[in-house]
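Tertiary structure, described
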Amino acid sequence: MVPGATVTLVEHDRRTAALVTANARTVGARLGGPDAEVEVVAATVGTTLGRPPAAPYDVVFSDPPYPLADAAVEADLTALVEHGWLADEAVVVVERSTRSPEPAWPAGIELEVGRKYGETTLWCGWYRPAP
């Protein structure tokens, strides 16, 4: 990992979150405390994004379940912007089914590219807030 970098993993299922935590420990990641490399949050994405982060993120990879409504994906993207989760020039990647439309990007996030990989499409945007 990059020194000083933190990865935040959000999983709403508590048992799965515990497994993710155990896997992070297995690979030697530091969890908890001020020098943590990995933070595992056992909550919904909506709840997590409803609060401001300790510091904005340079990269966000969102992998919502394919059946999640497009409006819920849009709400999550909007929360990233409104609650200060994104650093200037942050990359935002959203993984969706190829049958799903392009996400509705909130003001400040500009689509860069969408790429299809079988059943999956990755949508990549940049956060460029208005000056």
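First, a word on what this report is: a plain description of the structure on this page.

Rules and cut-offs
Residues numbered from 1 in each chain as written. Predicted model: local features only at pLDDT ≥ 70, side-chain atom pairs only at ≥ 80, totals over all residues. Heavy atoms only, no water. Pairing = 2+ DSSP bridges. Helix = DSSP H or I, 4+ residues; strand = E, 2+ residues; numbered from the N terminus. Axes fitted to C-alpha atoms, helices over the stretch in contact; angles between N-to-C directions. Buried < 20%, exposed > 50% of the residue type's maximum accessible area, 1.4 Å probe, protein only. Lys, Arg positive; Asp, Glu negative; His and termini not counted. Salt bridge = Lys/Arg side-chain N within 4 Å of Asp/Glu carboxyl O. Contact = heavy atoms within 4.5 Å. Core = buried A, V, L, I, M, F, W, Y, C linked by side-chain atoms within 4.5 Å.

1. Details of the pairing of strand β3 (residues 57-62)
- Here β3 pairs with strand β4 (residues 86-97) via 5 bridges, running parallel. Across the sheet, residue Tyr 57 finds its bridge partner in β4, namely Leu 86.

2. Regarding the sheet that holds strand β5 (residues 109-117)
- With mixed pairing, the 4 strands of this open sheet are ordered in space as β3-β4-β6-β5. Because the sheet does not close on itself, it has two edges, and the strands there are β3 and β5. With direction set aside, neighbouring strand axes in the sheet form an average angle of 15°.

3. Let's talk about the side chain of Glu 95
- Along the polypeptide, Glu 95 turns up in strand β4.
- For the buried residue Glu 95, which engages in no salt bridge, the nearest side chain bearing the opposite charge is Arg 96, 9.2 Å off.
- Discounting chain neighbours no more than four positions away, the residues touching Glu 95 are Phe 61, Ser 62, Asp 63, Pro 64, Tyr 66, Thr 120, Thr 121 and Leu 122.

4. As for the nonpolar core
- Of all hydrophobic cores here, the largest spans 16 residues; its most connected members are Leu 77, Leu 80, Leu 86, Val 92, Val 94, Trp 105 and Ile 109.
- Counting only elements with at least two residues in this core, the list comes to β3, α3 (70-82), β4 and β6 (120-127).
- Here Leu 77 is in contact with Val 92, Val 94, Pro 103, Ala 104, Trp 105, Pro 106 and Ile 109, once residues within four sequence places are set aside.

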